[in-house]
Amino acid sequence: MRVLKFGGSSLASVERFLEVAGIVKQQLSAEPVGLVLSAPQGVTNLLVELTDLAFLGTDYLPLLQQWQQRLETLQSEAKDKLLAADNEALTLVREQQFAQLSAQLQGVALLQYCPDHIKARILGLGEQFSVALMTGLLKKLQIDTIALDSVACVKSQGDYLNAVADIPASEAALGAAIAKQQAQVYVMAGFVSSNSNGELCLLGRNGSDYSAAIVAASIRASVCEIWTDVDGVYSADPRQVKQAQLIDHLSYDEAMELSYFGAKVLHPKTIGPLARYQIPCYIKNTLNPSAPGTCIDANNNGDSLVKGISSLEHLALITVSGPGLKGVVGMASRVFATMAREQVSVSLITQSSSEFSISFCVAQLDLNVAKKALETEFELELQGKLLRPLAIQSDMAIVSLVGDGMRQHRGVAAKFFASLSQARVNIVAIAQDSSERSISAVVEQKSCRNAVKVCHENFFSHVPSIDVFLVGCGVVGSELLAQFERQQQFLQQRNVRLTVYGIANSKALLQDAQGINLASWQQRMDGQKQQFSLEALSQFVQDNHLTNPVLIDCTSAEAVAMQYADFLAAGFHVVTPNKKANTASLDYYRQLRLVAQQHRRRFLYETTVGAGLPVIDFLQGLLNAGDELMAFEGILSGSLSYMFGELEQGVALSEVTAKAKAMGFTEPDPRDDLSGMDVARKLLILARESGLQLDLSDVTVESVLPNDFAPGASVADFMAQLPELNSWFADKVAAAKSEGKVLRYIGEIANGQCKVSVKALDLNHPLAKVKDGENALAIHTRYYQPIPFVLRGYGAGAAVTAAGVFGDVMRTLGWQQEM
Ligand code: ADP
Ligand code: ASP
Ligand code: MG
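Our subject in this report is the structure included herewith. (Residues numbered from 1 in each chain as written. Chains lettered and ligands numbered in written order. Predicted model: local features only at pLDDT ≥ 70, side-chain atom pairs only at ≥ 80, totals over all residues. Heavy atoms only, no water.)

### Observations concerning unusual backbone geometry
Part 1 of the argument: With an omega of 10 degrees, the peptide bond between glutamine 785 and proline 786 qualifies as cis.
Part 2 of the argument: Residue placement: proline 786 occurs in the loop between β29 (774-781) and β30 (789-794).
Part 3 of the argument: Here asparagine 206, not a glycine, exhibits a phi torsion of approximately 70 degrees, which is positive.
Part 4 of the argument: Along the chain, asparagine 206 falls in the loop between β8 (200-202) and α9 (208-218).
Part 5 of the argument: With phi around 50 degrees, arginine 220 is a residue other than glycine that occupies positive phi space.
Part 6 of the argument: Relative to the assigned elements, arginine 220 resides in the loop between α9 and β9 (223-228). (Helix = DSSP H or I, 4+ residues; strand = E, 2+ residues; numbered from the N terminus.)

Now the structure itself:
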């Protein structure tokens, strides 16, 4: 016989029931089919809710009606597909269930008490309805079908709600029932069974998988197929990890570990009976029946190191500790005997090698029972201070790595823990089974998803990600987004995933968990209500389990710059062409570097000096190698480089300024360039980078214009008055020329001092040839002398600046984050 089990997800509607019937029909052969069914999707949950409401004395009647309605709808939609007699039989089942359920709920509500054996009878109703409906549908398809009573045929022992299989008894009961009636298909309810007294016992939530395994083992089926809503077992829960990969084969041991540690696709007890009788198991998809599915059998080929990652949530970690444990025989067994007595299942155990403490995980729901039982059991030891008060850590989860191939393979655990650290997850306890098939870490519940995602990325997808948030979408910001868009394919080919999740301007913040489509971000900005803030971005990063968030600041705003330290501390890399942070107080300058180091994040600002020219990185490299800056001189402003070149040709100051402004070479207010402050900031950044402890006020700044020119004027008035200075400046140009010199706006560092000023240079001075918007930097160091290192190229412009920022963004890759 073949055993096929269909879960609630495969039985959500009549359409689905019919698809299942179709799959069964296709599978008919000489071998009969044992068909194990769950309740229609959601029905068991409704029954749980109903019981809870009745128990709490809350009005459950509306929900009862909902339950009744759900079954009625299923039946009425199936009516045409049923023979009249089967339809009537189904009505009878429904009415009997309703009568039973109403009476039992009434009793529970009256007594405010719901013993487990009553609860079991209530929760098991859904499966029995599925059997009646499916039997009718199959009969109408002229398939020789018989419904077997699982309560009578599937035998178990132990708890009413979480019973354990009794295979010999099931073998006898099922064997007798099947021998009595020949059929092509035997339909059976999953989830329900009975103990030796004939009382109904459930096999635990999600227990129909286990039912199928018990049936398969008891009749020594040729195969057991678990049909669900996914193509098989994945390397992680596909609902949680988009990149999860389908596993084509698992050994029994691997499947057991994965399901035990939370892979919901299989009830944890399912594999035991199948492994014992070596029955192969397939996980198949009802929605995609032709997919091969996952095969689980005895083969243990250790084909890949790690097969899957699973997580078990809603746990509490209990630690029993104290001198009374050390070297005392039997203490550990008393702890676990106490748990067993209370039917509390223990999911992970670790003991310190000093034997001073034992820690273990129990379901959060069992915590109170477990705690009370332990306190009673160890009352004397606790009083006598042989044991410390129990330490309880609530809201915990276990993340586990599973794979036969991990055995005796070095480095897996190290990579696992490094991944957890990269995900900023604190490891509370660790356990590895001695077969080395699984390794588990107890972590806080809130970091569990993140942990699974990062571990999965590191063990399976190997695609490093950059999660971008851009603030400031002016000229440089927009150009950067355009470059990101153009380079998507290039990056993909190089196995890098760069996704822009957030874009903000001064008015709004646009965030999209799917990543923002860079072809249409402008249109979407308008409708956004949210504002840019650290809280909004952090929440987004947390909600979406992003691991490599990068804040790119393309504003020139001081307010944003002053938040970098907080962003770094919150786990963001910061990349910026904004000079404000590096020219703020020295305290803040030092703080940024310290925070970045502490949080293992990068603060990158290559484009603050010389735009795309590799100035900062070069200087840092030299200083790392023990070099020292002796002197510096350079043209650091693209706009002034352009303007001084034009002035040299005899163009009037007002005309050059208007032209540069019109071409977007200057700031909106050209005085920001002409004042020299922009150059002063760049120079200060270079000076600080070289180790000088200076502030902006220490930089001597000679403005291009007289300081008292047009005070308080608007930009328009300033531009209107500027011709007044034309002849004054033309005279300066002429005076220089008469000495065979040209004027340039120069930044200098010498003897620990910074100065920016208009200088007349000999024509053979290297900087005399620099114009047309080019920057040039002559860096004199101990290693580079007597000829300085010279960098020259466009030091402004959207494309080169954005490209420089892009370069910095790429540098955040592979920068592992730790606590
Ligand atoms: P059914 O109703 O068929 O019993 P379940 O909802 O109980 O279905 O189990 C199937 C679900 O298990 C999938 O939809 C998936 O979200 C979840 N799941 C968790 N871990 C895994 C995994 N490693 N591989 C596949 N599915 C998983
Ligand atoms: N219907 C039961 C549950 O929801 C059993 C199952 O579906 O496996 O837990
Ligand atoms: Mg299930």
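Text resumes after the structure shown.
### A look at the sheet that holds strand β25 (residues 629-635)
Part 1 of the argument: A sheet is described by the order of its strands in space; here six strands give the open sequence β26-β28-β27-β25-β29-β30, paired in mixed fashion. Both edges of this open sheet fall to β26 (700-701) and β30, since each of them pairs with a single strand only.
Part 2 of the argument: Packing against the sheet, helix α29 (residues 726-738) makes contact with β27 (741-750) and β28 (753-762), and its axis sits at approximately 90 degrees to β27. (Pairing = 2+ DSSP bridges. Contact = heavy atoms within 4.5 Å. Axes fitted to C-alpha atoms, helices over the stretch in contact; angles between N-to-C directions.)

### Describing the nonpolar core
Part 1 of the argument: Membership of the largest hydrophobic core comes to 79 residues, with the highest contact counts inside it found for Tyr564, Phe603, Phe632, Phe644, Leu686 and Leu777.
Part 2 of the argument: The greatest single-element share of this core, amounting to seven residues, is contributed by helix α27 (residues 677-689).
Part 3 of the argument: Ignoring any residue separated from it by four or fewer positions in sequence, one finds leucine 777 in contact with Val609, Leu613, Val615, Phe632, Glu633, Gly634, Leu636, Leu686, Phe789, Val790 and Leu791.
Part 4 of the argument: Core analysis: the next-biggest nonpolar cluster, separate from the first, contains 53 residues, Ile23, Leu50, Leu71 and Ala78 among them. (Core = buried A, V, L, I, M, F, W, Y, C linked by side-chain atoms within 4.5 Å. Buried < 20%, exposed > 50% of the residue type's maximum accessible area, 1.4 Å probe, protein only.)

### Examining the pattern of salt bridges
Part 1 of the argument: Tallied over the full model, the rule gives 31 salt bridges.
Part 2 of the argument: Note that arginine 2 and glutamate 225 form a salt bridge whose closest N and O atoms lie 2.8 Å from each other. In this pair, arginine 2 is assigned in strand β1 (residues 2-6) and glutamate 225 in strand β9, connecting sequence segments 223 residues apart.
Part 3 of the argument: Arginine 2 sits in the buried class, given a relative accessible area of 19%.
Part 4 of the argument: Aspartate 253 is paired through a salt bridge with arginine 437; the nearest N and O atoms lie 3.2 Å apart. Taken together, the residues aspartate 253 in helix α10 (residues 252-260) and arginine 437 in the loop between β17 (427-432) and β18 (438-444) connect sequence positions 184 residues apart.
Part 5 of the argument: Owing to a relative accessible area of 31%, aspartate 253 belongs among the partly exposed residues under this scheme.
Part 6 of the argument: Judged by its relative accessible area of 8%, arginine 437 is buried.
Part 7 of the argument: Linked by salt bridges that have partners in common, Arg334, Arg341, Glu377 and Glu381 make up one network. (Salt bridge = Lys/Arg side-chain N within 4 Å of Asp/Glu carboxyl O.)

### A look at the packing of aromatic side chains
Part 1 of the argument: One pass over the full model with this rule turns up 21 aromatic pairs.
Part 2 of the argument: A centroid spacing of 6.0 Å and a plane angle of 80 degrees characterise the contact between phenylalanine 644 and phenylalanine 729, whose relative ring orientation is edge-to-face. With a gap of 85 residues between them, phenylalanine 644 in helix α24 (residues 638-648) and phenylalanine 729 in helix α29 connect regions that are remote in the sequence. Pair check on accessibility: phenylalanine 644 and phenylalanine 729 agree, each one buried.
Part 3 of the argument: Three or more aromatic residues link up through ring pairs in this structure, and these residues are Phe469, Tyr501, Phe532, Phe540, Phe567 and Phe572.
Part 4 of the argument: The positively charged end of arginine 593 is found above the aromatic ring belonging to tyrosine 589, 3.6 Å away from the centroid.
Part 5 of the argument: Over the ring of tyrosine 589 we find arginine 688; its NZ or CZ atom is 5.0 Å from the centre of that ring. (Phe/Tyr/Trp six-rings, centres within 6.5 Å; stacked < 30°, edge-to-face > 60°. Lys NZ or Arg CZ within 6 Å of the ring centre and 35° of its normal.)

### Quick word on the state of the cysteines
Part 1 of the argument: Applying the stated rule across the entire model yields zero disulfides.
Part 2 of the argument: Cysteine cysteine 473 remains unbridged, with the sulfur of cysteine 554 as its closest cysteine sulfur at 9.0 Å.
Part 3 of the argument: When its relative accessible area of 17% is taken as the criterion, cysteine 473 is described as buried. (Disulfide = S-S within 2.5 Å.)

### With respect to the environment of serine 193
Part 1 of the argument: Secondary-structure assignment places serine 193 in strand β7 (residues 192-194).
Part 2 of the argument: Serine 193 sits 177 residues away from alanine 370 along the chain, and the two C-alpha atoms are 27 Å apart.
Part 3 of the argument: Not counting the four nearest positions on each side in its chain, serine 193 is found in contact with Ser150, Val151, Val154, Ser156, Glu199, Leu200, Cys201 and Leu203.
Part 4 of the argument: At 2.8 Å, the side chain of serine 193 forms a polar contact with the side chain of serine 156. (Polar contact = N/O pair within 3.5 Å; in protein donor to acceptor, adjacent residues only side chain to side chain.)

Note that every value here comes from positions in space, so none of it alone points to a role or purpose.
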